[in-house]
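Chains, contacts and geometry: an overview
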Amino acid sequence: MKTPAPGATAVVTFANVSKTYGAVTAVDGLTLDLHAGETVALLGPNGAGKSSTLDLLLGLRRPDSGTVSVYGSSPQGAIAAGRVGAMLQSGGLMEGVKVREIVKLACDLHPKPHPVADVLARAGIAQIGDRMVDKLSGGQEQRVRFALATAGANDLIVLDEPTTGMDVTARQAFWSTMREQADQGRTVLFATHYLEEADAIADRVLVLHKGRLLADGTAAEIKAKAGARRIAFDLEGTIDEQALRTLPFLGALTVSGTTVRIQSHDADATVHALYGLGLYPRNLEVAGLGLEQAFVAITEAEEARTA
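Predicted model, so just to flag it, every value in this text is computed and none were measured.

Confidence along the protein averages 90 in pLDDT terms, with 96% of residues attaining 70 or more. Confidence scores differ between elements of the protein, with helix H11 (residues 291-306) showing the lowest mean pLDDT of 82 and strand S4 (residues 65-70) the highest of 97.

Given below as C-alpha cells:
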C-alpha cells in the first residue's frame, strides 16, 4: 500500500458514518481516509454496504450520522468543482444519441474538460463514436460510462463494478488506463466482485461486511489477516474423507478425484498429522491463501462471530 507522506491531507474522509434504510443498517460507523494516488478496492459480499458507501461519497445519499468530506468540502461541492468522476452500475445511458454526442455533452458540462477525441480514445470507443447508444453491447456500454466518468480532469475517480460485461482484452486495457490515472496522482476507488482484479490492481483493499470495515491493508496484508494457508496434495487409492476431517487446525476440506485441498490455520501441524495418519501425500503444495479465499475466510469468521 502506498504510504501517505507525513502530514498528507486526506482527499476523502469518512468520520463515523452510518446510514440506515428502515431496519437495515447499510453503513455502520465507517471511518476511513483515502489519499492522493491510491488505487483502492472496495470488497464485500452482496449487502455489505459497498454501493451505499459510494452513494454517500458521491452525495447521492446523506448520512444519518457522521460526516463525509471530499477535498475538504461536501461531496456535492467537490463534484460541482469538477474534482470527482463516477462510473455507477445504476442508471441508464441517454437513448437516441450517438456515442460521440453523449461524450461531447459530458465534456461540455465539465469545468475542466478533456478533448472529446482523447476521451473516446482513452475509453477504447473511438471506432464506435457514430453508433447509437442504444445499439451497444454490455461491454461497450461500460466503456461509454467510463468515458463519461473521465470526460474532464478529475482528481478522484469512483467506479462501481466497472468491468462487468467487458471481455478480457477490454478489461486489461481498462486497468492499464486506471494505472496511468493513479500514476498521475489521481485517487481511484473501485468496488468489484472480481477479486483477481483487486489482487492485481489495488495497492489498498477495504473489506466491508454488513456496513462495517473488517479489514484495511494491502492485498498481502489481507491474505495474512485470514490466518490460514492452502495445502494441496494427491493420494492414491480410496480416500478416507472422515479421517482427513480429524486433522488439526482444519479450516476447510475438499476432495476432487485423487486431489485433496485443505485450508489450515497451522499448516506445519496439519501436514505433520497427515503423515501421522499413515498417509503419503504426493505433489504436496503449501501456499498462502489467494485474496478470494482470504476474503471468504474473513467474512465467514465475522458471520460466525456475530451469529
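From this point, the discussion proceeds with the structure in view.
Attention now goes to the packing of aromatic side chains. Given two aromatic rings, one states the distance between the centres and the angle between the planes to describe the pair. Applying the stated criterion to the full structure yields three aromatic pairs. For the ring pair Phe 146 and Phe 174, a centre distance of 4.8 Å and an interplane angle of 65° mean the geometry is edge-to-face. Of this pair, Phe 146 sits in helix H5 (residues 138-149) while Phe 174 sits in helix H6 (residues 168-183), placing them 28 residues apart in sequence. Both residues of the pair, Phe 146 and Phe 174, count as buried. For the pair Phe 174 and Trp 175, a centre-to-centre distance of 4.9 Å together with 85° between the ring planes defines the contact as edge-to-face. With respect to burial, Phe 174 and Trp 175 carry one shared label: buried.

Now for the sheet that holds strand S12 (residues 259-264). Strand order in the open sheet made by the four strands is S11-S12-S10-S13, with antiparallel pairing throughout. Each having just a single partner strand, strand S11 (250-256) and strand S13 (282-288) make up the two edges of the open sheet. Here the average twist between neighbouring strands, direction ignored, is 15°. The pairing of strand S10 (residues 229-234) with S12 spans six bridges and is antiparallel. What sits directly across from Arg 230, in S12, is Gln 263. Sheet contacts for helix H10 (residues 267-276): S10, S12 and S13; angle to S10, the most-contacted strand, approximately 25°.

Conventions we followed
Residues numbered from 1 in each chain as written. Predicted model: local features only at pLDDT ≥ 70, side-chain atom pairs only at ≥ 80, totals over all residues. Heavy atoms only, no water. pLDDT = per-residue confidence, 0-100. Helix = DSSP H or I, 4+ residues; strand = E, 2+ residues; numbered from the N terminus. Phe/Tyr/Trp six-rings, centres within 6.5 Å; stacked < 30°, edge-to-face > 60°. Buried < 20%, exposed > 50% of the residue type's maximum accessible area, 1.4 Å probe, protein only. Pairing = 2+ DSSP bridges. Axes fitted to C-alpha atoms, helices over the stretch in contact; angles between N-to-C directions. Contact = heavy atoms within 4.5 Å.

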